[in-house]
Amino acid sequence: MILISIYGKTEPIIISKKLGIGICNPQNDWVEGFPNDFDEEYMVQMHHSKNYKLLDHDDYSEKIKNRYDYERIVETLKWNEDNKDSKIIIAEHLVEIQVLDFEHSLLKKINPVLDSPTCEMQYARKFMTLCMRLGSVSSCWSNIPMVTYDSDELFTTPMIINYLSARAADKNFNFKEDFTLGLSCLKQIGLKIDNFLSSDKDFWLFDYIINALSEDQQSGNAYHVFKTMSLIEMLLINPSNSGRTQGEMERKLPRFLSDRIDSSQKTLYAEYMRKFRNKIAHGDFEAVSKLLKEYRNEFMKNFWYDEFEYSKDNWTYGNISLELDEALNKILCYMLNDKNAWEYLRNN
């Protein structure tokens, strides 16, 4: 079960036909179980409020109680139904994203039995990870909903009511408009993906990307830099060049780099990233250490390092990760928005 931050009663709606992904309201058994999740969320928040009270935040527990006033939420949103518990009403208005049509989806190529085997990350969560990355760099997809609950995250505090209540408290927030905008963004991305997946080769490339993005949630270290650069190379470098990237990376990557990097330094930046990827891959820690120092001198001249928080090297990896993640997201947008242009760039 993956819940997203749009709300309202809806018929099942397919977002991507080829992946079988869609949205719907929770089934009855989940609806009946959600009040327990709401109670758990409330108790954890009240426990935290005791710590805040020790820090002289006496009003925090009262704020928590108001935030978890289920009747008030239902009344504010005009979801009232006679003789029905407020928690059940809220649960019925939650929206989940899942594989609704596995039988007619390309996901059967991966596993003919099930779209999300029980010991693997749910495919809907992988899909949302991709969507949120695309939305972070595209103004057209800026209304991508957030994931508010993942049933597989057993040690993570549910934040279903916390998020819903915060939005309900905003008198200017329009739930119906937000639902429409969020669904529209998801459907646009779903259509782009469907158009991209025109062959088995396209599907296996897409599957590789969506898995790589989902399995790497950590940033700010050498391995994240290596993995991100490997994906960038896969998407930009001509596969017939037998792994040779020198010159080609310097020519192609700069167009996807942010304006935080001066245009006169973008080619040099791409050169450094190519070197970082290669030295990390070969375990040449001495060369990596040298490159980190050179990078700081070139691209972080006015950066303030709080070494009570991170070491200088980890601040540097964090800075690199920020830039490379954004560049990768832009490349993915480019690939899905114009497959022909992306293929031409990659092969030339």
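The preceding data block contains the structure.
Residues numbered from 1 in each chain as written. Predicted model: local features only at pLDDT ≥ 70, side-chain atom pairs only at ≥ 80, totals over all residues. Heavy atoms only, no water.

1. Observations concerning the sheet that holds strand S5 (residues 147–150)
Strands pair in a sheet through their backbones, by hydrogen bonds, and they do so in one of two ways: parallel or antiparallel. What the 5 strands build is an open sheet, ordered S2-S3-S4-S1-S5; its pairing is antiparallel. The sheet is open, and its two edges are formed by strand S2 (13–16) and S5, each paired on a single side. The mean angle between the axes of side-by-side strands here comes to 35°, regardless of whether they run parallel or antiparallel. In the packing of helix H5 (residues 123–135) onto the sheet, the strands contacted are strand S1 (2–7), S2, strand S3 (21–24), strand S4 (94–99) and S5, and the crossing angle to S4 comes to about 105°. Sitting on the sheet, helix H6 (residues 160–168) is in contact with S1, S4 and S5, with an inclination near 10° to S1. (Pairing = 2+ DSSP bridges. Helix = DSSP H or I, 4+ residues; strand = E, 2+ residues; numbered from the N terminus. Axes fitted to C-alpha atoms, helices over the stretch in contact; angles between N-to-C directions. Contact = heavy atoms within 4.5 Å.)

2. Thoughts on empty space enclosed by the protein
Here the structure, examined in full by the defined rule, presents 2 cavities of 30 Å³ or more. Volume-wise, the second largest cavity comes out at about 40 Å³. Around the second largest cavity sit Leu 130, Phe 206, Ile 209, Ile 210, Leu 332, Met 335 and Leu 336, which together line it. Looking at the lining of the second largest cavity, the elements with two or more residues in it are helix H8 (200–215) and helix H13 (312–337). (1 Å grid on protein atoms, 1.4 Å probe; cavity = no way out; pocket = protein on both sides within 12 Å on 5 of 7 lines; lining within 4 Å. Points joined across faces, edges and corners; volume = space filled by probe spheres on them.)

3. Quick word on the packing of H8 against helix H9 (residues 222–236)
Here H8 crosses H9 at 165°, and the two axes come no closer than 11 Å. In this view, H8 runs roughly antiparallel relative to H9, as classed from their interaxial angle. Where H8 crosses over H9, the two elements pack in a sense that is left-handed. Note on element contacts: H9 touches H8 through Lys 227, Leu 231, Met 234 and Leu 235, opposite Leu 205, Tyr 208, Ile 209, Ala 212, Leu 213 and Glu 215. Considered class by class, the residues forming the contact of H8 with H9 number 8 nonpolar, no polar and 2 charged. (Parallel < 35°, antiparallel > 145°, perpendicular 65-115°, else oblique. Left-handed = near helix turned anticlockwise from the far one by under 90°. Nonpolar A, V, L, I, M, F, W, Y, C, P; charged D, E, K, R; others polar.)

4. Here we look at the pattern of salt bridges
Counting across every chain of the model gives 21 salt bridges. A salt bridge links Arg 274 to Glu 250, with the shortest nitrogen-to-oxygen separation between them at 2.9 Å. Placement of the pair is Arg 274 in helix H11 (residues 266–281) and Glu 250 in helix H10 (residues 248–252), with a sequence separation of 24 residues. Here Arg 274 falls in the buried class, since its relative accessible area comes to 8%. Accessibility expressed as a relative area gives 11% for Glu 250, which makes it buried. (Salt bridge = Lys/Arg side-chain N within 4 Å of Asp/Glu carboxyl O. Buried < 20%, exposed > 50% of the residue type's maximum accessible area, 1.4 Å probe, protein only.)

5. Brief notes about the packing of H9 against helix H14 (residues 339–347)
At their nearest, the axes of H9 and H14 sit 7 Å apart, and the two run at 100° to each other. In terms of orientation, H9 lies roughly perpendicular with respect to H14. Taking contact as the criterion, the partners of Met 234, Leu 235 and Leu 236 in H9 are, on H14, Trp 342, Leu 345 and Arg 346. When grouped by side-chain class, the residues that make up the contact of H9 with H14 number 5 nonpolar, no polar and 1 charged.

6. Structural notes on the packing of aromatic side chains
On inspection of all chains with the given rule, the structure shows 19 aromatic pairs. Summarising the aromatic geometry, the rings of Trp 79 and Phe 175 are spaced 6.4 Å apart at their centres and angled 75° between planes, so their arrangement reads as edge-to-face. Taken as a pair, Trp 79 in the loop between helix H3 (70–77) and helix H4 (86–92) and Phe 175 in helix H7 (residues 175–196) lie far apart in primary sequence, 96 residues in all. Just as Trp 79 is buried, Phe 175 falls in that class too. Seen in terms of ring centroids, Tyr 272 and Phe 299 are 5.9 Å apart; in terms of plane orientation they differ by 90°. Their pairing is edge-to-face. Within this pair, whereas Tyr 272 is found in helix H11, its partner Phe 299 is found in helix H12 (residues 285–299), the two being separated by 27 residues in sequence. Grouping residues by exposure puts Tyr 272 and Phe 299 together as buried. Here a set of aromatic residues connected by ring pairs shows up, and it is made of Trp 30, Phe 34, Phe 38, Tyr 70 and Tyr 149. Note that Lys 312 overlies the ring of Tyr 305, its terminal NZ or CZ placed 5.3 Å from the centroid. A cation over an aromatic ring shows up here: Lys 339 above the ring of Phe 196, its NZ or CZ 5.0 Å from the ring centre. (Phe/Tyr/Trp six-rings, centres within 6.5 Å; stacked < 30°, edge-to-face > 60°. Lys NZ or Arg CZ within 6 Å of the ring centre and 35° of its normal.)

7. Looking at the environment of Trp 342
Mapped onto the fold, Trp 342 is located in helix H14. Distance in space between the C-alpha atoms of Trp 342 and Ile 13 is 30 Å, their sequence separation being 329 residues. For Trp 342, the contacting residues outside a window of four places in its chain are Phe 196, Leu 205, Leu 235, Tyr 334 and Met 335. One polar contact links the side chain of Trp 342 to the main-chain carbonyl oxygen of Leu 235, over a distance of 2.8 Å. (Polar contact = N/O pair within 3.5 Å; in protein donor to acceptor, adjacent residues only side chain to side chain.)

8. So, the environment of Thr 316
Tracing the backbone shows Thr 316 in helix H13. The exposure class assigned to Thr 316 is buried, which follows from its relative accessible area of 0%. Counting along the chain gives 21 residues from Thr 316 to Tyr 295, while the straight-line C-alpha distance between them is 7.9 Å. Dropping the residues within four chain positions of it, Thr 316 is found in contact with Leu 292, Tyr 295, Arg 296 and Met 300. One polar contact links Thr 316 to Arg 296, side chain to side chain, over a distance of 2.8 Å.

By themselves these figures say nothing about function.
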